[in-house]
Structures are given as C-alpha cells and as structure tokens.
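What follows is the residue order along each chain.
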Amino acid sequence: MTHGSDDRRLDDLGLIYREHHAFVWRSLHHFGLRGDEISDAIQEVFIVVHRKFDEYDGHTPIRSWLYGIARRVGSDHRKRGQRRAARLQWGTRLDENPTKTNAFERVNAAAMVDRLLEVLDDDKREVFVLSEVEGMTAPEIAQALGVNLNTIYARLRAARLRFQRELERLDLEDRKSRAWTR
Amino acid sequence: MNENARNLLRQYRASISPEPQDSEMAWAAIAERVRQQPKVERWRWSRSSMLVGGVVAMALAASLLLIVQPNELLQSRESTATELSLDASEREAALRATESRHVDPNVQTVEVSPVEVPTVPPPEPPKPIEHASEKAPTKSKAHRSEPMPSTPEPAEDLLGKIQAEGRLLHEARAELTAGRPRRTIALVREHANAFPRGTMREEMELLEVRAWCALGDEAHWASARQQFEQRHPSSPLRAHLLDACER
C-alpha cells in the first residue's frame, strides 16, 4: 500500500467518521457502554471500518453496516467484563436534588428513558431505539440486524406500546409523589 | 406514541450524543492508530525477513557442517574398517586355533598387536565445526542486544499526559452527566493541580462553569464564567459558555 492510498483511505474514513460517529457513539451507549468505554470502543469500531473498507459492498446502507460493526465491538467490550456503570447509577441519579435547568432536565430525561428502555426485551429495545431514537427505517433496521422485515414491524409495534404504557405509569407515580409531598 | 414521549426521546438523543471535544479526541486517536498501522505492517515484514535470514544462516551452518563432516566421516570409516579387519583376523586366528586345537602364545601376540592401533589418540576435532558453532550464538547475542525500535521518550511523556488529562476530562464529564456536579468540580481542581499548563484546561474550566450551573449556585457560576473569559479570551469554547446554563 502506498502512502498516497493510505492518505486517501484516511480521508475516506474521516468523511464516514464526521457523518456517522454520533450514531456509532449512541449505538455503543445503547449496548450498555458508558463514558471512557465508549471512547475506547468507538476507536475500535473505526479501526475495523478502516480495515474492512474493501469488504463494504455499497448495497447495504452505511449505517446498517456500521451498526453491525459497533454491535460486535460493543459485545466484545461487555464480554471483557466492563460494567454497565450508568445503569447502576439510575436510582441515585433520579433521587438527587434536581436543579431547574434545562441541562439537568436533559440528564434526567436520559436517565428516565434508560429506565423505560430497560423494561423492554433486548430484541424489542434494539428495534425501538434504532427507529425512534436514530430514525432508521424498518428495512435499514432489518438489514442491520439480519432479521425479517415483518418481525421488525412487529417488534416495533410492541415496543412502542410498552414504552408508552411505562411512561404513563411513571408519570402517574410522579404526580402522586408530588401530591403527597405538598 | 404521543408528543410527550417523542419530546422525551429527542432529549434523550441529545443527551447521549458525544460532545464536540469527545468527537475530536476520538478522531485524533483513530487517525493516529491508522497512521501507525502501515508501520506495524512494515515491522512485521522486517520480522519475517529476520526469520528468513535466520533460516538461511542455519542452512549455511548446516552446509558447512556437511562440508566439514566428510573428513570426520572418513576418519571414522577408516577406524571402523581397521576394527573390521581386526575382527576378521581375530576370527581367522580363533578358527585356526580351534582347528589345530593348539594354544600358541606367539600366534596370539602376532594377532593381538594390530589391535593396539585404535588406541592411538583420537584425531583433533575439526576446527571448522568449532567456528560454525561459535559464530552462530555470537550472532544471535548481537541481535538480541539490539534495542527495540521505540518512539522518543518526550513524545511518550506527552502522550501519557494527554491521556491522563483525557481520562480526567471524561470522568469529570461523566460525573456531571450522572448528576454529581460537586464531584466534577473536585476533578476540575484535581486537573488544575496536576496539570497547571495542561492542554485541556479550557475544557475542564468550561465543565466547572457547567457544574456550578447544575448546582444552581449563581454566584460561583458567574465567577467561574468570568474567570474563563479572562483566562481564555480567544477560546473557541467561549461560544459554549452560554450553553453551559442557559440553553
């Protein structure tokens, strides 16, 4: 490999990174990685992308391809025993004294959604997140996961219902507790 | 799903997306690793060529042995032949003795005397073999003593510092995200003590501004913000100061 082609490959990788790194970052979050784990894992993902450039056929949507790589890397990280720290922190996060800033509300929203997602089965959660958080289409998700399209629709329907129901339940609990403290 | 749920998911997406600094740091690390890759391949090539060189050296040593060994073989063959001829003459003498059924001491001395021939001191070991066996270890020792190629020490130091700073930055940010702004402030102070001229001072100080905001401590927030503006008047992160609390 010449240095010219090295540079070209790096430029191509840079383009993919700029366009999709936030998606990969969030995907790694969905796989349970947090903080530094994500920083390490995203490097691995894009090193694999760089190595496998030639294997990408161009027919599969790029995000589906990237998701497949991120999924394997995320799984390897979990197998290496890296803990899902954020999940353990939920209780403390929500019980801490909230400040009335939008920044805090966002943090609180993240914790709440993480909690809501936890009640979904793994396969439904994955489809739900890819559709509702990442905005991927059902065919894209089907390709990313290697699952039948109808199965994707079925999982998505069930996940949306469950998510909505859990959200309403939490909202109700929240109102009750506020009324109790007044 | 209703609008409330969709809003919540939008906020969720924003909160788990990477900060610009995270993205830049990750990209810098990726680009560096990718640039290192061809060097690694080249190093692998040099390793394999060293391996091939070693095999060739061994083959040469073996061929030297083959060249030298025939002399030894010749000598050993000669001695074997002598022994064989002696055996034959002994057997002949024994046969004759058996046939005649006479024990003649003269015959014995005559027959035994050639047996003393092999008692001649053995020939000196051929020198070339010694050379071959001596040279090989010297070479390998010399090779082992060669230092492994490594990056210059100052660069390693710098990289180590940046990594340590990066870890603190990530930790401080994670603590803030997890709703523990006091811990973030403590980490910012730790960073300031450990790396007074660190490359990530601005990011850390911006985190401190955010942390005071998260605590709702307006006085400290305003002071931290003012200090940031004074210390880093041309910082690109100044644009984020407002985001730190007012978004």
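Residues numbered from 1 in each chain as written. Chains lettered and ligands numbered in written order. Predicted model: local features only at pLDDT ≥ 70, side-chain atom pairs only at ≥ 80, totals over all residues. Heavy atoms only, no water.

### Some remarks on the packing of helix 6 (residues 181-194) of chain B against helix 7 (residues 201-215) of chain B
Residues and elements named next belong to chain B.
Okay, step 1: Contact geometry for helix 6 and helix 7: axes closest at 9 Å, N-to-C directions at 155°. For the element pair helix 6 / helix 7, the angle class is roughly antiparallel. The handedness of the crossing between helix 6 and helix 7 is left-handed. Taken together, the residues of helix 7 that come into contact with helix 6 (itself represented by P181, R182, T184, I185, L187, V188, R189 and H191) are R201, M204, L207, E208, A211, W212, A214 and L215. (Axes fitted to C-alpha atoms, helices over the stretch in contact; angles between N-to-C directions. Helix = DSSP H or I, 4+ residues; strand = E, 2+ residues; numbered from the N terminus. Parallel < 35°, antiparallel > 145°, perpendicular 65-115°, else oblique. Left-handed = near helix turned anticlockwise from the far one by under 90°. Contact = heavy atoms within 4.5 Å.)

### Remarks on the side chain of A:E140
Okay, step 1: Within the secondary structure layout, A:E140 lies in helix 8 (residues 138-145).
Okay, step 2: For A:E140, a relative accessible area of 18% gives the class buried. (Buried < 20%, exposed > 50% of the residue type's maximum accessible area, 1.4 Å probe, protein only.)

### Quick word on the interface of chain A and chain B
Okay, step 1: If you look at the interface, chain A gives 47 residues, while chain B gives 40 residues.
Okay, step 2: Summing the contributions of chain A and of chain B, the shared interface buries around 4000 Å²; its carbon and sulfur component is 62%.
Okay, step 3: Connecting chain A to chain B are two salt bridges.
Okay, step 4: Residue B:R13 pairs with A:E134 through a salt bridge whose shortest N-O separation is 3.5 Å.
Okay, step 5: Summed over the shared surface of chain A and chain B, the result is 10 residue pairs in polar contact (both at pLDDT 80 or more).
Okay, step 6: Going through the elements one at a time, helix 1 (3-30), helix 2 (36-51), helix 5 (90-95), helix 6 (102-118), helix 7 (122-133) and helix 9 (149-181) of chain A are the ones with two or more residues in the side of chain A that touches chain B.
Okay, step 7: Each residue belonging to the side of chain A that touches chain B can be placed in one class, and the counts come to 20 nonpolar, 14 polar and 13 charged. (Buried area = accessible area lost by both parts, 1.4 Å probe. Salt bridge = Lys/Arg side-chain N within 4 Å of Asp/Glu carboxyl O. Polar contact = N/O pair within 3.5 Å; in protein donor to acceptor, adjacent residues only side chain to side chain. Nonpolar A, V, L, I, M, F, W, Y, C, P; charged D, E, K, R; others polar.)

### Some remarks on the packing of aromatic side chains
Okay, step 1: Applying the stated criterion across every chain, the model contains six aromatic pairs over all chains.
Okay, step 2: Ring-pair connections join several aromatic residues into one group, and the members of that group are A:Y17, A:F46 and B:W27. (Phe/Tyr/Trp six-rings, centres within 6.5 Å; stacked < 30°, edge-to-face > 60°.)

Function cannot be read off these values alone, since they describe shape.
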